[in-house]
Amino acid sequence: MAPKFALSATDIVAPPPVVRPEKPPLAVTESAAKRLAVILSREKPGAMMRVAVEGGGCSGFQYRYSIETEARPDDLSIEREGIIVLVDPVSAPYLEGSELDFVTELLGQSFQIRNPQATASCGCGTSFSV
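Source: prediction; values computed, not measured.

## Regarding the environment of Phe111
Piece 1. You can see Phe111 is positioned in strand β7 (residues 108–114).
Piece 2. For the pair Phe111 and Ser31, spaced 80 residues apart in sequence, the C-alpha separation works out to 9.5 Å.
Piece 3. Leave out the neighbours within four places in its chain, and Phe111 touches Ala32, Arg35, Leu36, Ile39, Met49, Tyr65, Leu100, Asp101 and Phe102.

## Some details on the pattern of salt bridges
Piece 1. A complete count under the given rule lists seven salt bridges for this structure.
Piece 2. Where Lys34 meets Glu30, a salt bridge forms, and the shortest distance between an N and an O atom there is 3.0 Å. Here Lys34 pairs with Glu30, and both are found in helix α1 (residues 30–41), just four residues apart, close to one helical turn.
Piece 3. Assessed through its relative accessible area of 47%, Lys34 is described here as partly exposed.

## Let's talk about the pairing of strand β2 (residues 48–55)
Piece 1. With six of its eight residues buried, β2 lies for the most part within the structure.
Piece 2. Pairing analysis gives eight bridges linking β2 to strand β3 (residues 61–68), with the strands arranged antiparallel. Across the sheet, the residue bridging to Met49 is Ile67, located in β3.

## Some remarks on the side chain of Asp101
Piece 1. Within the secondary structure layout, Asp101 lies in strand β6 (residues 98–105).
Piece 2. Here the side chain of Asp101 touches Arg114 through a polar contact of 2.6 Å, side chain to side chain.

## A word on unusual backbone geometry
Piece 1. Positive phi values are uncommon outside glycine, yet Glu81 reaches one of about 50°.
Piece 2. The topology assignment puts Glu81 in the loop between β4 (76–80) and β5 (83–87).

## Focus: the pairing of β4
Piece 1. In terms of strand pairing, β4 meets β5 through five bridges, oriented antiparallel. Paired with Leu76 across the strands is Val87, a residue of β5.
Piece 2. What sits between the antiparallel neighbours β4 and β5 is a turn of two residues, in which Glu81 has the positive phi angle 50°.

## Looking at the confidence of the model for the protein chain
Piece 1. Averaged over all residues, the pLDDT of the protein chain is 80; the fraction at 70 or higher stands at 72%.
Piece 2. At the low end of the mean pLDDT range in the protein chain sits strand β9 (residues 127–129), at 49; at the high end sits α1, at 96.
Piece 3. This model gives residues 14–21 a pLDDT under 50, and the stretch forms seven contacts once residues within four places in sequence are excluded.

## Observations regarding the sheet that holds β7
Piece 1. Spatial ordering of the open sheet is given by β1-β6-β7, a layout of three strands whose pairing is mixed. Lying at the two open borders of the sheet, with one neighbouring strand each, are β1 (26–28) and β7. Across the sheet, the axes of successive neighbouring strands diverge by a mean angle of 30°, strand direction being ignored.
Piece 2. Direction of pairing for β1 relative to β6: parallel, over a ladder of three bridges.

## Comments concerning the packing of aromatic side chains
Piece 1. The full count for this structure, using the stated rule, is three aromatic pairs.
Piece 2. With centroids separated by 4.8 Å and ring planes inclined at 40°, the aromatic side chains of Phe61 and Tyr94 adopt a geometry described as tilted. You can see Phe61 sitting in strand β3 and its partner Tyr94 sitting in helix α2 (residues 92–95), a full 33 residues away along the chain.
Piece 3. Connected via pairs of aromatic rings, a cluster forms that spans Tyr65, Phe102 and Phe111.

Rules behind the numbers
- Residues numbered from 1 in each chain as written.
- Predicted model: local features only at pLDDT ≥ 70, side-chain atom pairs only at ≥ 80, totals over all residues.
- Heavy atoms only, no water.
- Helix = DSSP H or I, 4+ residues; strand = E, 2+ residues; numbered from the N terminus.
- Contact = heavy atoms within 4.5 Å.
- Salt bridge = Lys/Arg side-chain N within 4 Å of Asp/Glu carboxyl O.
- Buried < 20%, exposed > 50% of the residue type's maximum accessible area, 1.4 Å probe, protein only.
- Pairing = 2+ DSSP bridges.
- Polar contact = N/O pair within 3.5 Å; in protein donor to acceptor, adjacent residues only side chain to side chain.
- pLDDT = per-residue confidence, 0-100.
- Axes fitted to C-alpha atoms, helices over the stretch in contact; angles between N-to-C directions.
- Phe/Tyr/Trp six-rings, centres within 6.5 Å; stacked < 30°, edge-to-face > 60°.

Encoded structure:
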């Protein structure tokens, strides 16, 4: 008798096919592009910003930002005013129609994503649910 935790071939679900959108999933505002230009100028030549969506956070998903010097073959590349923002194909559907902005508020400055798909978000704006 097989152990109860064993999986059969019919239990494994294949991931959905990767679909490259004709329109980038994320728009980059002029303010975000200008701030990124300053940040990336202090990094190694060819540095780019990656925006990703990961599971976690208080609302179910969270945004993750990182600086990278190499794009992956399946990355979506968004260029604005000489800077490049990378989005992986798994994160792209969660960012569809979103806008990356850099804002200055009373409590400080930050990158923010305005995501029309988010049905709820936390107070700090870094996690969301769909």
